[in-house]
Amino acid sequence: ALHAAGERRARLLKHAKLAAEGDERARLGLLKLAELKAKRERLEEENANSKAERELLKSENRRLKSENERLKFERERLKSERDRLKATRERLAVELQSSSAKAL
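**Digging into the overall build of the chain**
Next, step 1: When helices and strands are counted, the chain shows one helix and zero strands.
Next, step 2: Relative to the compact-globule value of 13 Å for 104 residues, the chain shows a C-alpha radius of gyration of 44 Å, a clear excess of over 25%.
Next, step 3: Summarising its shape, the C-alpha atoms of the chain cover approximately 150 × 15 × 10 Å along the three principal directions.
Next, step 4: Put simply, the chain shows about 9,800 Å² of open surface, and 59% of that area lies on carbon and sulfur atoms.
Next, step 5: In the chain, which carries 29 positive and 20 negative side-chain charges, the distance between the mean positions of the two groups comes to 3 Å.

Structure representation (structure tokens):
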């Protein structure tokens with residue numbers, strides 16, 4: 001009887017030990033689960049921030065392209081104006097030379 005009680009006690013201790021280990025594994029599992037959830041939430045937030053930043057960059061890129069087109073047209077207009085003024089200056093120089101020659 002004493003031997004049976006010892007075996008029962010050993011079995012109970014073994015079950016208690018397994019339960020404690022199970023509780024510890026469960027606690028560690030819950031901890032890991034909480035870490036993974038926090039990591040997922042952080043990644044989702046980073047992803048949302050990245051999307052917002054990408055949209056801002058796209059918008060800025062469109063604005064810069066538009067500004068670039070406007071500046072191209074302005075440059076062409078200024079070139080034309082420069083060429084027109086250059087031709088006028090040359091024409092006036094010829095007229096001045098011609099009138100100076102006639103005056104002599």
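**Here's the deal with the pattern of salt bridges**
Next, step 1: Applying the stated criterion to the full structure yields twelve salt bridges.
Next, step 2: In this structure, arginine 40 and glutamate 44 form a salt bridge, with 3.6 Å as the shortest nitrogen-oxygen distance. Linking arginine 40 with glutamate 44, this pair stays in helix 1 (residues 2–103), spanning four residues, or about one helical turn.
Next, step 3: Owing to a relative accessible area of 45%, arginine 40 belongs among the partly exposed residues under this scheme.

**Observations regarding the environment of alanine 1**
Next, step 1: Mapped onto the elements of the fold, alanine 1 is located in the segment before helix 1.
Next, step 2: C-alpha of alanine 1 to C-alpha of alanine 26: the two residues are 25 residues apart in sequence and 37 Å apart in space.

**Some points on the environment of alanine 20**
Next, step 1: Mapped onto the elements, alanine 20 comes out in helix 1.
Next, step 2: In this structure, the C-alpha to C-alpha distance between alanine 20 and serine 80, residues 60 residues apart in sequence, is 89 Å.

What counts, and where the lines are drawn
Throughout, a residue's number is its position along its own chain's written sequence, starting from 1. Thresholds applied to this predicted model are a pLDDT of at least 70 for local features of residues and 80 or more for the giving and counting of side-chain atom pairs; totals over whole chains, interfaces and linings are not thresholded and use all residues. Heavy atoms from the whole structure form the basis of all side-chain values; hydrogens and water molecules are not counted. Helix and strand assignments follow DSSP, with helices taken as H or I runs no shorter than four residues and strands as E runs no shorter than two, numbered in order from the N terminus. Only C-alpha atoms enter the radius of gyration, while the globule expectation follows 2.2 Å times N to the 0.38, with N the number of residues. Per-residue accessibility takes into account occlusion by the displayed protein chains alone, with areas from the Shrake-Rupley method and a 1.4 Å probe. The convention is simple: Lys and Arg are positive, Asp and Glu are negative, and His and the chain ends are not counted. By convention, the point assigned to a charge is CZ for Arg, NZ for Lys, CD for Glu and CG for Asp. Any Lys or Arg side-chain nitrogen found within 4 Å of a carboxyl oxygen on Asp or Glu counts as a salt bridge. Buried, partly exposed and exposed residues are distinguished by accessible area as a fraction of the type maximum, computed with a 1.4 Å probe on protein chains only: under 20%, between the cut-offs, and over 50%, respectively.

Spatial relationships are all this shows, so hold off on functional conclusions.
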